[in-house]
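Observations on chain architecture
If you want the building blocks of each chain, they are given just below.
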Amino acid sequence: MASPTPPPLRPVRLLLRTKDAVLLHALPDTSSTAEAVASKKGGITLYSGKTTFHLLSPDGNSAYVHDATVGLVRFDLTNATGINTAGGVSPFLQNSKSIQLAKCSPRGTRLLTWERPSKADGDGGNLKVWNAKSGELVEGFSCKKATLNTVQWTHDERLVFHMVTNEIHVYDAEFNKVGRVRCPGVASFSLPAVKGYPSDKSGPLVGEEKYLLTTFVPGTKGKPARVDLLRYPDRTGRDSSTVGGDKVNVPSGPSLASKSLFNAEETTVEWSPRADAALLTTQTAVDATGESYYGSSHLFLLAESDAKRPGFGSAISVPLPAEATKTSQGTVPIVAANWIANPNIVGPVPFGVISGRMPALASLHHGVSAEPTFLLGRAHRNTMDVSPHGRFIACGGYGNLAGGMDFWDRNKGKKIARHVVLPGKDGETNFVTIKEGSDLGVTSASPVVGHQWSPDSRTYLVSTTSPRMNVDNGVHLYRYDGSLVDEARLPWDNQDFKPDKLLAAEYVPAPFPNEGGGDGKGEFYYYPDRPQSPAPRRFTELKGDAAKAALATLSSESSKGDGKGGAPAAAAYVPPGARKGGGGAYVPPGARKGSAERGGSSLAERLRQEREGSATAVSGVKIAKRAGPVGAASVVGAAPAAAEKSKSALRREKQRLAREAAEREAAAEEQRKKDEEAARVAANKADPEKRAKKIKKSLKQIDEIKAKAAGGAELNEDQRRKVDSEAELRAELAALGLQTEN
């Protein structure tokens, strides 16, 4: 009997919130080889009216929109249709007009909301937990601070953690207290929201699950700050406890790992997709060295297990590549840190880091040792976005940077080549493959505020939204290779959002995959993990001179426009080397005028060559395994490290270094004396009377010291040195020729 045909996958959808509506759009086929057909503009209007915020459930089945005049309204996205709000709508949560913050639990079964405290709250509190299916109030807490991080769920929602003064209370799914984590001074904690397993392993059995969490205690009264890695219920600290049989408190063991932080005011925790390790970024508001306007930062790796200490975890400082640019104090600032979001990887899950002063260096690191393994290059980038499947990486320079973007294939260790489709003659379609790294960089035409990978890892969204930017609002899509999707193929019109009407743009999350398989681990992704699309077979690839001529012609045609006084006609991507107004032939970077080989004289060309050269030197470079101490990375192809020295050789080298240091100190002391003598002679010549007065004062002090010594007092080293200098001072006073009395 044939197996049933699986249902079709849900299309990728995008939610846009403007100042007067909330819109839902389904994306068409955006591949570069798909037929370029203009998309019908317009989507589903979920809500009409002014809104304050929106929220999407983790499974993409529901959308929550808040209107200050109505409350929190819920929409079912599994069967979304146009909704007419002219007759009014009823809120999903009662008395929800004053809600200011909201979030969903990891599985989407609960809603957590915060509103300003008021007397009307009574004992119910202003931090409320709601049933996301029925809208009923489940539990309430009091929280004066505007935050939702004091209540967190485990990834499976079996337990709920609530932070109070000096403790974290633990509840089951029905909010029955089952334990507590004692942590005096705790200011924040973190739980992983998702947990997957490698493809060669299965998850634990029901009832045997253990949960990692981190706690942060700020420094006070000269004591350093502290971060602890805990595991509930067995390793949460000796003062913590859980509720056992007959409601008897069962004490817990010590923390897995602890780290004292002498320069930390705030912390950010990024959990591994397997929830067995975390990246800890510490931050201070002010950099004591004055090197950075954004304060100082450091990066640590917290792991559940440590091979050197069985039964304990580890907390290590992440070693950064030697190629990263340091400050004048020798420190390397941390710009961004993200895990590769794929738990199915065989072996440790790696993570990426952007570090150093601009242009910053992007690198990949080993998930256990934290050592750098691959360099993505140096550029003006401050953001690293990893696709949901962990295959593609987008490094961007957003905010106060120019908006440049680089797209990498992590599996291949290369920037993704781009296929540029070109219209040919007599209905024939050709394409050119762009492989030069300098031509694969992308710069957004408008300032980037929002950025996000689609749940199927095929497109990358950048948006310009209000109130961060009140001009040129809009949403643009890039394919995974960095090519821009033509706006004519998008189901929305960016002209409708200008200048400042767009408030938010966000992909609707993918549905939860089919879980509960026989092996206990189930699926982790709803959409399949797809590699790069091959070159289009039905098109003809142009190479050599034909490719250069086609790109030059395309550049010339796109610069002329449509001849109707409007904007230039939309065209395929043209590399920078072919964007020369009237167009000349495409020239590879190495042969361009101004390159090192041809010695151009243009300042812009020389700056570009210098920038490209410095970036290329560390772009796409694998890091060899280190033979020496952590911190000295070696690049593949470099000279091999010296052989390890014997103990006697190390002892002789230590003695030699100590001898050289002593000689340097002696020479420095001799030079200091000479400098003092020269300064004294110069002072005598400049003002002999002032010098004579000073010498007389010193001689008077010497006489007093002698009198004390005659009385039996013991002299210290400074006093003996001053007495020994009496003869030298009297000789100098005589040389001045001003002496009138002893």
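Quick look at the structure, then. Just so we're clear, the structure is a prediction, and the values are computed from it rather than from any experiment.

This paragraph deals with the nonpolar core. Judged by nonpolar contacts, the single largest core of 32 residues is most densely connected at Leu301, Phe351, Leu376, Met384 and Ile393. Looking at this core, the elements with two or more residues in it are β22 (277–283), β23 (297–303), β25 (334–339), β26 (351–355), β27 (360–365), β28 (372–379), β29 (383–386) and β30 (392–396). Sequence-distant contacts of Phe351, that is, excluding residues within four places in its chain, are made with Leu279, Leu301, Val318, Asn338, Trp339, Ile340, Ser363, Leu364, His365, His366, Gly367 and Ala370. In terms of nonpolar packing, the next biggest core, distinct from the first, is built from 18 residues, Ala21, Val475, Leu490 and Trp492 among them.

A sheet is described by the order of its strands in space; here four strands give the open sequence β21-β22-β23-β24, paired in antiparallel fashion. Each of the sheet's edge strands pairs with one partner strand only, and the pair in question is β21 (266–271) and β24 (314–317). For this sheet, the mean angle separating the axes of adjacent strands, direction not counted, is 25°. Pairing analysis gives six bridges linking β21 to β22, with the strands arranged antiparallel. Bridge pairing in β22 links Glu266 to Gln283.

Taken residue by residue, helix α6 (residues 726–736) has Glu726, Leu729, Glu732, Leu733 and Leu736 as its buried positions. Seen from one end, α6 has its buried residues packed into an arc of 130°, which puts them on one side. Of the exposed residues in α6, the ones pointing more than 90 degrees away from its buried face are Ala727 and Ala735. One or two residues past the end of α6 sits Gly737, with phi positive at roughly 70°.

A cluster of acidic residues, Asp486, Glu487, Asp493 and Asp496, forms a negative patch at the surface. By the element assignment, Asp486 lies in the loop between β38 (474–479) and β39 (502–507). Taking relative accessible area as the criterion, Asp486 reaches 33% and is therefore assigned partly exposed.

With that settled, the discussion passes to the packing of aromatic side chains. Within the structure shown, the criterion is met by 15 aromatic pairs. Between the aromatic rings of Phe141 and Phe175, the centroid separation amounts to 6.1 Å while the plane-to-plane angle is 50°, which identifies the pairing as tilted. Pair noted here: Phe141 is in strand β10 (residues 137–141) and Phe175 is in the loop between β13 (167–172) and β14 (177–182), with a separation of 34 residues, a long-range link. Under the relative-accessibility criterion, Phe141 is labelled buried at 8%. An aromatic cluster is present here, built from Phe392, Phe407, Trp453, Tyr460 and Tyr480 joined pairwise through their rings. Over the face of the ring belonging to Phe92 we find Arg74, whose NZ or CZ atom lies 5.3 Å from the ring centre. For the cation-ring pair, Arg107 lies above Phe512, with the distance from its terminal atom to the ring centre recorded as 4.0 Å.

A separate point is the side chain of Thr51. Within the fold, Thr51 resides in the loop between β3 (44–48) and β4 (53–56). The class for Thr51 is buried, based on a relative accessible area of 11%. One polar contact links Thr51 to Arg17, side chain to side chain, over a distance of 3.3 Å. For Thr51, the residues in contact, after removing those within four places along its chain, are Arg17, Thr18, Val22, Val65 and His66.

With that settled, consider the pairing of strand β12 (residues 159–164). With respect to burial, β12 is a largely interior element, five of its six residues being buried. Pairing between strand β11 (residues 151–153) and β12: three bridges, direction antiparallel. Bridge pairing links Gln152 to Phe161 in β12. With antiparallel pairing between neighbouring strands as the criterion, β12 and β13 make up a hairpin whose turn holds two residues, including Asn166 at a positive phi of roughly 65°.

Across the interface, helix α4 (residues 688–710) lies against helix α5 (residues 717–724) with an axial gap of 10 Å and an inter-helix angle of 120°. The orientation of α4 relative to α5 falls into the category oblique. Where α4 crosses over α5, the handedness of that crossing is left-handed. For the pair α4 and α5, contact is made by Gln701, Ile702, Ile705 and Lys706 and by Gln719, Lys722 and Val723, respectively. The residue inventory of the contact of α4 with α5, partitioned by class, reads three nonpolar, two polar and two charged.

A few words on the sheet that holds strand β36 (residues 450–453). The three strands lie next to each other as β36-β37-β38, forming an open sheet whose pairing is antiparallel. The two strands at the open ends of the sheet, each matched to only one other strand, are β36 and β38. Neighbouring strand axes in the sheet, compared pairwise and without regard to direction, differ in orientation by 15° on average. In terms of strand pairing, strand β37 (residues 459–464) meets β38 through six bridges, oriented antiparallel. Following the sheet pairing, Leu461 is matched in β38 by Leu477.

Turning next to the pattern of salt bridges. Scanning the entire structure with this criterion turns up 22 salt bridges. For the salt bridge of Lys195 with Glu209, the shortest nitrogen-to-oxygen distance reads 2.9 Å. Placement of Lys195 in the loop between β15 (188–190) and β16 (211–217) and of Glu209 in the loop between β15 and β16 is noted, with a sequence separation of 14 residues between them. In this structure, the salt-bridge partner of Glu726 is Lys706, at a minimum N-O distance of 2.3 Å. Taken together, the residues span a long stretch of sequence, with Glu726 in helix α6 and Lys706 in helix α4 at a distance of 20 residues. Judged by relative accessible area, which is 36%, Lys706 ranks as partly exposed.

Reading the values: rules and limits
Residues numbered from 1 in each chain as written. Predicted model: local features only at pLDDT ≥ 70, side-chain atom pairs only at ≥ 80, totals over all residues. Heavy atoms only, no water. Core = buried A, V, L, I, M, F, W, Y, C linked by side-chain atoms within 4.5 Å. Buried < 20%, exposed > 50% of the residue type's maximum accessible area, 1.4 Å probe, protein only. Helix = DSSP H or I, 4+ residues; strand = E, 2+ residues; numbered from the N terminus. Contact = heavy atoms within 4.5 Å. Pairing = 2+ DSSP bridges. Axes fitted to C-alpha atoms, helices over the stretch in contact; angles between N-to-C directions. Arc of directions from axis to C-beta. Patch = residues over 30% accessible without salt bridge, like charges linked within 9 Å, V, L, I, M, F, W, Y side chains within 5 Å. Areas by Shrake-Rupley, 256 points an atom, 1.4 Å probe, with all protein chains shown as cover. Salt bridge = Lys/Arg side-chain N within 4 Å of Asp/Glu carboxyl O. Lys, Arg positive; Asp, Glu negative; His and termini not counted. Charge placed at Lys NZ, Arg CZ, Asp CG, Glu CD. Phe/Tyr/Trp six-rings, centres within 6.5 Å; stacked < 30°, edge-to-face > 60°. Lys NZ or Arg CZ within 6 Å of the ring centre and 35° of its normal. Polar contact = N/O pair within 3.5 Å; in protein donor to acceptor, adjacent residues only side chain to side chain. Parallel < 35°, antiparallel > 145°, perpendicular 65-115°, else oblique. Left-handed = near helix turned anticlockwise from the far one by under 90°. Nonpolar A, V, L, I, M, F, W, Y, C, P; charged D, E, K, R; others polar.

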